[in-house]
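Read off the chains here:
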Amino acid sequence: MNMTEDAIVRAADILDRARCALVLTGAGISAESGIPTFRQAQTGLWEQFTPQDLATPEAFAQDPERVWAWYHWRRTLIARGGVNAGHRGLVELATRKTVALVTQNVDGLHQAAGSQHVIELHGNIWHERCTRCEHQHSAPVAESTDDALLLCPQCGAMTRPGVVWFGETLPAAALYDAQQALERADCVLVVGTSNRVYPAAAFVDSAVQSDTPVIEINPEATGVSSAVDCHVGASASLALPALVQALDALPGSR
Ligand code: BJW
Ligand code: ZN
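Just so you know, these numbers come straight off a predicted model, no measurement behind them.

### Regarding the packing of aromatic side chains
Piece 1. By the definition in use, this model includes 7 aromatic pairs.
Piece 2. Here Phe 60 and Trp 165 contribute two aromatic rings whose centre-to-centre distance is 5.4 Å and whose plane-to-plane angle is 35°, an arrangement assigned as tilted. Of this pair, Phe 60 sits in helix α5 (residues 57-62) while Trp 165 sits in the loop between β6 (159-163) and α9 (172-184), and the two are 105 residues apart along the sequence.
Piece 3. Ring geometry for Trp 70 versus Tyr 71: centroids 5.1 Å apart, planes at 85°, classification edge-to-face.
Piece 4. Aromatic ring contacts, followed pair by pair, group Phe 38, Trp 46, Phe 49, Phe 60, Trp 70, Tyr 71, Trp 73 and Trp 165 into a single cluster.
Piece 5. We note Arg 74 situated over the ring of Trp 70; from NZ or CZ to the ring centre the distance is 4.5 Å.
Piece 6. A cation over a ring is seen here: Arg 160 above Trp 165, with NZ or CZ 3.9 Å from the ring centre.

Here it is in structure tokens:
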């Protein structure tokens, strides 16, 4: 058995003992759909772009065209990329364990794969909301053909992407649901996140501190890797289907 296989068997054992798992995902789970992550050397979005210029309310106020153009481009990558074996692995996992799926991703790919009740901490790139009235709507999931500013169908003011930028508070309901799920969880599975953005990263910190077993799936080590119970150093598309298989192979499983 190589190191990864060994870690997957240990992860399956931890999950098997849990009644209820919280799964926290980040950009890494969508990386194999061809969607760039944020902080990876060379390929990460923040290597190419400056977050302050694109992912803050100030950036949008200053240059909404530039911000919308970036989001149109990312929508196109997501529509082209589609779901991968990692997203599908989590759908399978939910048929075997009680799972609360909390994501930092805005791409909607968990739902596209078939996951139910996804808690989106940072909003959704296909949602738009008016900067003047309360109107919100969803754009069809398709490659963007438009690079233009989008206007509110109700009042004609500019809309903005329905995502959470730096310095903005997270949607209260999503944050509440995630906190409740964390309280119920007796295991945390964290997949494809650098654990650098708060408050999402605090879920993992707090699980570690309270001795809730934590499994991390990430080909790279992160700031929490040395503190988790099991680090699976592999891609999500490899590790998640393998984890489901390993669960099924445990004695006493169906
Ligand atoms: C693979 C893989 C494969 C690769 N398989 N894995 C406490 C301490 C310090 C700072 C703060 C704090 N509390 C709040 C802050 C400020 C700030 C923050 O956290 N800053 C830090 C960066 C220092 N947080 C906020 O501003 C948040 N708001 C807030 O706290 O409100 C309260 C408040 C209000 C006013 C004043 C003060 C407080 C909001 C954060 C919003 C984050 N928004 C973004 C953009 C969303 C929209 C969009 O997509 O455009 O969210 S930033 C970006 O980072 C995005 C992501 O969801 C988020 C997390 O990134 P993620 O998913 O971890 O990606 P990466 O790239 O970092 O990591 C990818 C990982 O995948 C890597 O580890 C790879 O190895 C791995 N990987 N391939 C598995 N195949
Ligand atoms: Zn409006």
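### Description of the pattern of salt bridges
Piece 1. Within the structure shown, the criterion is met by 9 salt bridges.
Piece 2. Salt-bridge contacts for Asp 186 lead to Arg 19; the nearest nitrogen and oxygen are separated by 3.5 Å. With Asp 186 in the loop between α9 and β7 (187-191) and Arg 19 in the loop between α1 (3-17) and β1 (20-25), this residue pair connects regions lying 167 residues apart in the sequence.
Piece 3. Sharing partners across several salt bridges, the network here consists of Glu 92, Arg 96 and Asp 248.

### Description of the pairing of strand β4 (residues 123-130)
Piece 1. Buried residues dominate β4, accounting for 6 of its 8 residues.
Piece 2. Sheet topology places β4 next to β6; 4 bridges connect them, and they run antiparallel. Across the sheet, Arg 129 pairs through a bridge with Arg 160, a residue of β6.
Piece 3. One ladder, built from 3 bridges, connects β4 with strand β5 (residues 136-138); its direction is antiparallel. Pairing of Arg 129 across the sheet is with Gln 136, part of β5.
Piece 4. Between β4 and β5, which follow one another and run antiparallel, lie 5 residues.

### As for the sheet that holds β5
Piece 1. Ordered by their spatial adjacency, 3 strands build an open sheet running β5-β4-β6, and the pairing between neighbours is antiparallel. Bordering the open sheet on either side are β5 and β6, each of which pairs with just one other strand. Pairs of neighbouring strands in the sheet enclose a mean axial angle of 35°, with direction left out of account.
Piece 2. In the packing of helix α6 (residues 64-81) onto the sheet, the strands contacted are β4 and β6, and the crossing angle to β4 comes to about 140°.

### What about the nonpolar core?
Piece 1. Of all hydrophobic cores here, the largest spans 30 residues; its most connected members are Leu 189, Ile 215, Val 232 and Leu 240.
Piece 2. Of all elements in the fold, only α1, β1, α7 (85-94), β7, β8 (214-217), β9 (230-232) and α11 (236-249) reach the threshold of two or more residues within this core.
Piece 3. Among the elements that make up this core, the one with the highest residue count is α11 (7 residues).
Piece 4. Beyond its immediate sequence surroundings of up to four residues, Val 232 is in contact with Thr 4, Ala 7, Ile 8, Ala 11, Ile 215, Glu 216, Ile 217, Asn 218 and Ala 239.

### Re the site of ligand 1
Piece 1. Near ligand 1 lie 35 residues; those nearest to it are Tyr 71, Arg 74, Glu 168, Thr 193 and Ser 194.
Piece 2. Contact distances for ligand 1 include 2.6 Å between an oxygen atom and a side-chain N or O atom of Thr 193.
Piece 3. Coverage of ligand 1 by the protein chains reaches 76% of its 1,500 Å² of free accessible surface.
Piece 4. Take the shell around ligand 1: its biggest share by element is 3 residues, from α6.
Piece 5. Across the shell around ligand 1, the residue classes tally to 16 nonpolar, 13 polar and 6 charged.

### A word on the pairing of strand β2 (residues 98-103)
Piece 1. When β1 meets β2, the two strands line up parallel, connected through 6 bridges. Across the sheet, Thr 25 pairs through a bridge with Thr 103, a residue of β2.
Piece 2. By the bridge criterion, 2 bridges tie β2 to strand β3 (residues 119-120) in an arrangement that is parallel. Each bridged residue has a counterpart across the sheet, and for Thr 103 the counterpart in β3 is Glu 120.

### Section: the sheet that holds β2
What links the strands of a sheet is backbone hydrogen bonding, and the strands pair in either a parallel or an antiparallel sense.
Piece 1. Pairing within the open sheet is parallel, and its 6 strands lie in the order β3-β2-β1-β7-β8-β9. For this open sheet the edge positions go to β3 and β9, each flanked by a neighbour on one side alone.

Thresholds, definitions, all that
- Residues numbered from 1 in each chain as written.
- Chains lettered and ligands numbered in written order.
- Predicted model: local features only at pLDDT ≥ 70, side-chain atom pairs only at ≥ 80, totals over all residues.
- Heavy atoms only, no water.
- Phe/Tyr/Trp six-rings, centres within 6.5 Å; stacked < 30°, edge-to-face > 60°.
- Helix = DSSP H or I, 4+ residues; strand = E, 2+ residues; numbered from the N terminus.
- Lys NZ or Arg CZ within 6 Å of the ring centre and 35° of its normal.
- Salt bridge = Lys/Arg side-chain N within 4 Å of Asp/Glu carboxyl O.
- Buried < 20%, exposed > 50% of the residue type's maximum accessible area, 1.4 Å probe, protein only.
- Pairing = 2+ DSSP bridges.
- Axes fitted to C-alpha atoms, helices over the stretch in contact; angles between N-to-C directions.
- Contact = heavy atoms within 4.5 Å.
- Core = buried A, V, L, I, M, F, W, Y, C linked by side-chain atoms within 4.5 Å.
- Near = heavy atom within 4 Å.
- Polar contact = N/O pair within 3.5 Å; in protein donor to acceptor, adjacent residues only side chain to side chain.
- Areas by Shrake-Rupley, 256 points an atom, 1.4 Å probe, with all protein chains shown as cover.
- Nonpolar A, V, L, I, M, F, W, Y, C, P; charged D, E, K, R; others polar.

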